[in-house]
Amino acid sequence: MLDLQSLAVGYRNTRGVVLSGIDLAAAPGDFVCILGRNGSGKSTLMRTIAALQTSLDGAVLLDGEDVASMRPATRARRIAVVLTERQFNPGLRVEDVIALARQPFTGWQGELADKDRAAIADAVAVAGVGPFLRRYFSDISDGERQRVMIARALAQTPRLMVLDEITAFLDLPSRVEIMALLRSQAKQKGQVVLLSSHDLDLSLQLADSVWLLDGGGGFSVGTPEELSQSGHVGQAFDNEAIRFSPSQGRFEISSSASANT
Amino acid sequence: MAARVSTSGAALLGSLAALSLLTLTYGQIALPLTDTVGALTGTQSTDLARQIVLEIRLPRVAAAIIAGAALGMAGVLMQALFRNPVADAWSLGLLAGGQLGVALTVTAAAFAGPAAVSFLTFFEGPSITLAAAAGVAVAAFAMLALGRRVGAITLLVIGLMLGFTSQGLTSVLLHFAARAGGRVYGGWRDASFAGVAPSALAWLSLPILIGACVAIATAKPLSSLLLGETYARSLGVKVTSLRHAVLAATVLLVAPVVAFCGPVSFVGLIAPHFARALAGTARILPLLPLAALDGALLALAGDAIVHAPWEQHFLHLNAILAIVGAPVVILILIFSAAVRQWR
């Protein structure tokens, strides 16, 4: 169970508060998509939820415990993240990357026990990364890399998975596959999966609930149907060129834009 | 993987023992192998053999092994910490920084007067090591601060340039120090294992031993840092304190080498690459013993070539290490799949 209690996220510098007064909850098994345009605060919100940055106000509770005051090692057993940033060391093989997910569970040597190997084998099978386990991480394609990072997060057997913009570099079939995979993992393992995306179509089709950031510090929450019917999706994304059509459930090029082309 | 690590470890250890025995036996004066073994075990041997083996060759061989192992481990730590496949104590200017620290200390003592010089001479082991440690630490912090702003190859070039600058300054300082009565033992400006007195071996090995323990203790969180800072934090690593611990280990490993053997090049840079190739993993813990062993082997091999029975003594350790090491680095940069993204 993930609980955000009057959470305010942002920075203690000139950027200031990005979002505030957030009261939201997600139950185990929920696949939640966080939608919003670039700069609407998706990453800031997700980093705060994963305690990678401090909140300005309020609290993030996971199963009733404040994530910010958890011991780092405890938090690492419960929350797994996948981010867009890539600052990897050379010489890392895919199997190393996935095995590192088990570090919060191992002793000082980092030696893997049977249950760690089982978690890794399970994650490898689910994410379908078996064929390139021995390859160098720097040597595989973007799509393969995202799969590896998802396998790594799965191997961490977390209560909460936080995935930021992970589908941005993938083609449509891979995006569908990965989002469906995450959704079914959430259901099977009873995890909360938070996924930020600007991939509206897919998110609206697959998410249990959508947290929609409008870019001006406001947000709305609901099932995909509720949000598209109420016009909130349109408010968050429409501009002169495109317009969200609630009846179709997708975007349309607005007539003025198509007249220009 | 564990099997690979122990097999390669055993093979390296065997080669190291064989090469040590060879280096103890051959030289300007070749001894029968039985005399060498006898001198080592304290059983039958001639006085001459005992003197040559125990007093001349053994300290040199021990220094080469200890220093090579320290540089190899420090290379593993630095390549992980800097996220840079060509980082090591020599290439990023830490060794030159340490030399500058020593030179500054000696010069300051020389100008402070004879009392300071005799104090420095009397406590040569600890004071030179401390001076080197200060220089290494300053250089390491500077490079770490820079490393977050520039790319891997830029950092390498800057490290080499700062190294040259430090060496230039060291040379100038030592000139003035010598005129004012200060002195650092010969052969130190170039790398050499021959200048390490038997009494200095303790000062060489003690900090290195502590550094190795710190390195082993930080191995697990440092492995997480291979994924980058944010992922490391998400795995429960306290990144800032980890950085400090790894830097401390690096200084402990490197400073005694600078203080007693000078700027030994290339060993720390290529030993981790051999270790990774042997271990088949980038995880830090299995790399440390392998890098220590192949660092020791490289250093000792260089020393063995320098002290082979040539007509005259003409080879410098760093010349040998450069002839072997530089092409290896070039090959790594061009061909290694592991560093493909870093060119």
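Preceding this paragraph is the structure being described.
Description of the structure in this document. Numbering of residues starts from 1 in each chain and follows the order in which that chain's sequence is written. Chain letters and ligand numbers both follow the written order, the letters beginning at A and the numbers at 1. Given that the model is predicted, a residue must reach a pLDDT of at least 70 before its local features are reported, and side-chain atom pairs must reach 80 or more before they are shown or counted; all residues, however, enter totals for whole chains, interfaces and linings. Side-chain metrics in this entry use all non-hydrogen atoms of the structure; hydrogen atoms and water are not considered.

Examining the overall build of chain A
Helix and strand counts for chain A stand at 10 helices and 12 strands. The dimensions of chain A, computed from C-alpha atoms along their principal axes, are 60 × 40 × 35 Å. Only protein chains enter the area calculation, which uses a 1.4 Å probe; residues under 20% of their type maximum are buried, those over 50% are exposed, and those in between are partly exposed. Here chain A holds 261 residues, and the buried ones make up 52% of them. Counted over contacts in chain A with a minimum sequence separation of 6, partners at least 24 positions apart contribute 65%. Per element, the accessible surface of chain A, about 11,100 Å² overall, is 49% carbon and sulfur. Two residue types count as positive, namely Lys and Arg, and two as negative, namely Asp and Glu; His and chain ends fall outside the count. Working definition for charges: the position is that of NZ of Lys, CZ of Arg, CG of Asp or CD of Glu. When the 26 basic and 30 acidic side-chain charges of chain A are each reduced to a single mean position, those positions are 5 Å apart. Helix and strand definitions follow DSSP, with helices as H or I runs of at least four residues and strands as E runs of at least two, each counted in order from the N terminus. Throughout, a contact is declared for two residues whenever any of their heavy atoms are within 4.5 Å. Methods summary: accessible areas were calculated by the Shrake-Rupley approach with a probe of 1.4 Å, and residue burial reflects only the protein chains presented.

Some details on the sheet that holds strand 5 (residues 65–66) of chain A
Residues and elements named next belong to chain A. Spatial strand order, 2-1-4-5: 4 strands in an open sheet with antiparallel pairing. Looking at which strands have only one partner, the edges of the open sheet turn out to be strand 2 (17–26) and strand 5. Pairing between two strands is assigned when DSSP locates at least 2 bridges connecting them. By the bridge criterion, 5 bridges tie strand 1 (residues 2–10) to strand 4 (residues 57–62) in an arrangement that is antiparallel. Across the sheet, residue Gln5 finds its bridge partner in strand 4, namely Ala59. The axes are straight lines fitted to the C-alpha atoms, using for helices just the contacting stretch, and the angles between their N-to-C directions are given from 0 to 180°. In the packing of helix 1 (residues 42–49) onto the sheet, the strands contacted are strand 1, strand 2 and strand 4, and the crossing angle to strand 1 comes to about 125°.

Considerations on the interface of chain A and chain B
On the side of chain B, 34 residues touch chain A, which itself brings 39 residues to the contact. Buried surface area refers to the total accessible area, computed with a probe of radius 1.4 Å, that the two partners give up upon joining, counted for both partners together. Of all residues in chain A, Asn89, Pro90 and Gln103 of chain A bury the most surface against chain B, accounting for 20% of the area lost on that side. Think of a salt bridge as a Lys or Arg side-chain nitrogen and an Asp or Glu carboxyl oxygen that are within 4 Å of each other. There are 0 salt bridges connecting chain A and chain B. In protein, a polar contact means a hydrogen-donor-capable atom and an acceptor-capable atom, both N or O and within 3.5 Å, with residues adjacent in sequence counting only if both atoms are side-chain atoms; elsewhere, any N or O pair within 3.5 Å suffices. Applying the counting rule to chain A against chain B returns 10 residue pairs in polar contact (both at pLDDT 80 or more). Broken down by secondary-structure element, the contributors of at least two residues to the side of chain A that touches chain B are helix 2 (72–78), strand 6 (79–82), helix 3 (94–99) and helix 5 (142–155) of chain A. Any residue that is not Ala, Val, Leu, Ile, Met, Phe, Trp, Tyr, Cys, Pro, Asp, Glu, Lys or Arg is counted as polar, Gly included; the first ten are nonpolar and the last four charged. Taken together, the residues of the side of chain A that touches chain B sort by class into 19 nonpolar, 11 polar and 9 charged.

Here's the deal with unusual backbone geometry
All names here are of chain A. Despite not being glycine, Ala51 has its phi angle at roughly 60°, a positive value. When you line up the elements, Ala51 lands in the loop between helix 1 and strand 4. Note on Ala51: relative accessible area 18%, which makes it buried. One non-glycine residue, Asp63, lies in the positive phi region at around 50°. With respect to the secondary-structure elements, Asp63 resides in the loop between strand 4 and strand 5. The class for Asp63 is partly exposed, based on a relative accessible area of 38%.

Overview of the sheet that holds strand 8 (residues 192–197) of chain A
Sheet strands pair by backbone hydrogen bonding; their relative direction is either parallel or antiparallel. Residue and element names in this part refer to chain A. The 6 strands lie next to each other as 6-7-8-3-9-10, forming an open sheet whose pairing is mixed. If you trace the sheet from one side to the other, it starts and ends with strand 6 and strand 10 (219–222), each paired once. Each adjacent strand pair in this sheet contributes to an overall mean axis angle of 15°, direction not counted. With 4 bridges connecting them, strand 6 and strand 7 (residues 160–164) associate as parallel partners. Counterpart to Val81 in the pairing with strand 7 is Val162.

As for the state of the cysteines
Disulfides are defined as cysteine sulfur pairs within 2.5 Å. Applying the stated criterion across every chain, the model contains 0 disulfides over all chains. Unpaired in this structure, Cys261 of chain B has its nearest cysteine sulfur neighbour in Cys213 of chain B, at a distance of 20 Å.

Some details on the packing of aromatic side chains
Pairing of aromatic side chains here covers Phe, Tyr and the six-membered ring of Trp, requires ring centres within 6.5 Å, and sorts the geometry by plane angle: under 30 degrees stacked, over 60 edge-to-face, intermediate tilted. Summed over the entire model, instances satisfying the criterion amount to 1 aromatic pair over all chains. Taken together, a centroid distance of 4.5 Å and an interplanar angle of 40° make the contact between Trp90 of chain B and Phe266 of chain B tilted. In this pair, Trp90 of chain B is assigned in the loop between helix 3 (47–81) and helix 4 (94–112) and Phe266 of chain B in the loop between helix 10 (239–261) and helix 11 (267–279), connecting sequence segments 176 residues apart. A relative accessible area of 11% places Phe266 of chain B in the buried class. Positioned above the aromatic ring of Phe105 of chain A is the side chain of Arg102 of chain A, whose terminal nitrogen or guanidinium carbon lies 4.0 Å from the ring centre. Remark: a charge is flagged as sitting over a ring if the NZ atom of Lys or the CZ atom of Arg is within 6 Å of the ring centre and within 35 degrees of the ring normal. When the ring centre of Phe137 of chain A is taken as reference, the NZ or CZ atom of Arg145 of chain A above it lies at 5.8 Å.

Structural notes on the environment of Asp142 of chain A
All names here are of chain A. By the element assignment, Asp142 lies in helix 5. Residue Asp142 is classed as partly exposed on the basis of its relative accessible area, which comes to 33%. Along the backbone, Asp142 and Arg37 are 105 residues apart, and their C-alpha atoms lie at a distance of 22 Å. Beyond its immediate sequence surroundings of up to four residues, Asp142 is in contact with Arg86, Phe169 and Leu170.

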